Amino acid sequence: MSSESIEMAKNRAYKLIKEANDDLEAGRIDEAGWYQRGMAVITPAYLAGDNPRSQSGHSGDEKHWRHARSLVAEAMDRDGDFLDVGCASGHLMECVQLWAGERGVQIEPYGLDIAPELAALARRRLPQWAERIWVGNAIDWVLPRHFDYVRTGLEYVPPRRQPELVRRLLDLAVAPGGRLFLGTQSEEIARTRTQPSHEEVIASWGFRIAGSLHRPHYQDERLEYQLCWIEAGR
Ligand SMILES: C[S@@+](CC[C@H](N)C(=O)[O-])C[C@H]1O[C@@H](n2cnc3c(N)ncnc32)[C@H](O)[C@@H]1O
């Protein structure tokens, strides 16, 4: 199995991301161009979706979506508010509230997205939360307040900015004692993985991984879903 094919199985946008990363490092684009390139592909693709999952970048059905994403709700151990950094259609916001509620955990969701059209879609879908869905880039957005739980994906910023994104969200977005979730994402299972795991990479930047959840992939036995978190100091 080539490393490219496993990377494509992990993330359908792998080639796009790799090309943008290579162009950034070679100086062919600047960081603004890096974000623009991602948005130029993601925004029309998500807007063309005919259900809230595909409008959040997920190609599976409802069962698959829950299998992949509910790790976020399962990692919530008490009531609190939740900021989804990269909220797209806002579907994870509403699902996390529902899934956590099934376990007796009350969650108030908030959202941020870099793409104004996707934030607008989330506001249209979820008018009751329109005032708490914002437009901004996670790397420089001026955070209005702290949240008990914050989730993001490292791939939302160029690799060279990823440790800074984690530091920034921990310092400015997560309330004392709260959790910063990274993921969920697909990762190669430990038995065959030759690269450092997601958790090992984050730990190598000097962050202490406080916890993680893993679940077999829905349909690809080479992969698992993974979510890990870092706790903000009290
Ligand atoms: C794959 S979707 C995630 C949807 C949902 N939160 C989930 O986990 O299923 C990623 C979203 O992140 C947004 N995004 C990407 N880079 C971002 C950044 N730097 N700041 C804020 N949002 C970003 C994209 O526009 C896209 O809507």
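The following paragraphs examine the structure supplied in this document.

**A few points about the pairing of strand β7 (residues 223–231)**
Within a regular strand, the side chains alternate between the two sheet faces.
Step number 1: The buried fraction of β7 is high, at 8 of 9 residues.
Step number 2: Pairing of strand β5 (residues 174–188) with β7, which is carried by 9 bridges, proceeds in the antiparallel orientation. Bridge pairing in β7 links Phe181 to Trp229.
Step number 3: Linking strand β6 (residues 211–216) to β7, which pair antiparallel, is a turn of 6 residues.

**Observations concerning the nonpolar core**
Step number 1: Leu83, Val150, Val166, Leu180, Leu182, Ile202 and Ile230 are the most contacted members of the largest nonpolar core, which has 31 residues in total.
Step number 2: For this core, the elements supplying multiple residues, two or more each, are α2 (14–25), α3 (31–47), β1 (80–85), β2 (107–113), β4 (147–152), α8 (162–172), β5 and β7.
Step number 3: Here the element with the most residues in this core is α8; it accounts for 4 residues.
Step number 4: Excluding residues within four positions of it along the chain, Leu180 makes contact with Val150, Val166, Leu169, Leu170, Val174, Cys228, Trp229 and Ile230.
Step number 5: Within the second largest apolar cluster, 20 residues are counted, among which are Phe82, Val105, Tyr225 and Leu227.

**Regarding the sheet that holds β7**
Step number 1: With mixed pairing, the 7 strands of this open sheet are ordered in space as β3-β2-β1-β4-β5-β7-β6. Edge positions in the sheet fall to β3 (133–135) and β6, since each has one partner strand and no second. For this sheet, the mean inter-axis angle between neighbouring strands, taken without regard to orientation, is 20°.
Step number 2: Bridge count for β1 against β2 is 6 bridges, and the pairing is parallel.

Cut-off values and rules
- Residues numbered from 1 in each chain as written.
- Predicted model: local features only at pLDDT ≥ 70, side-chain atom pairs only at ≥ 80, totals over all residues.
- Heavy atoms only, no water.
- Buried < 20%, exposed > 50% of the residue type's maximum accessible area, 1.4 Å probe, protein only.
- Helix = DSSP H or I, 4+ residues; strand = E, 2+ residues; numbered from the N terminus.
- Pairing = 2+ DSSP bridges.
- Core = buried A, V, L, I, M, F, W, Y, C linked by side-chain atoms within 4.5 Å.
- Contact = heavy atoms within 4.5 Å.
- Axes fitted to C-alpha atoms, helices over the stretch in contact; angles between N-to-C directions.

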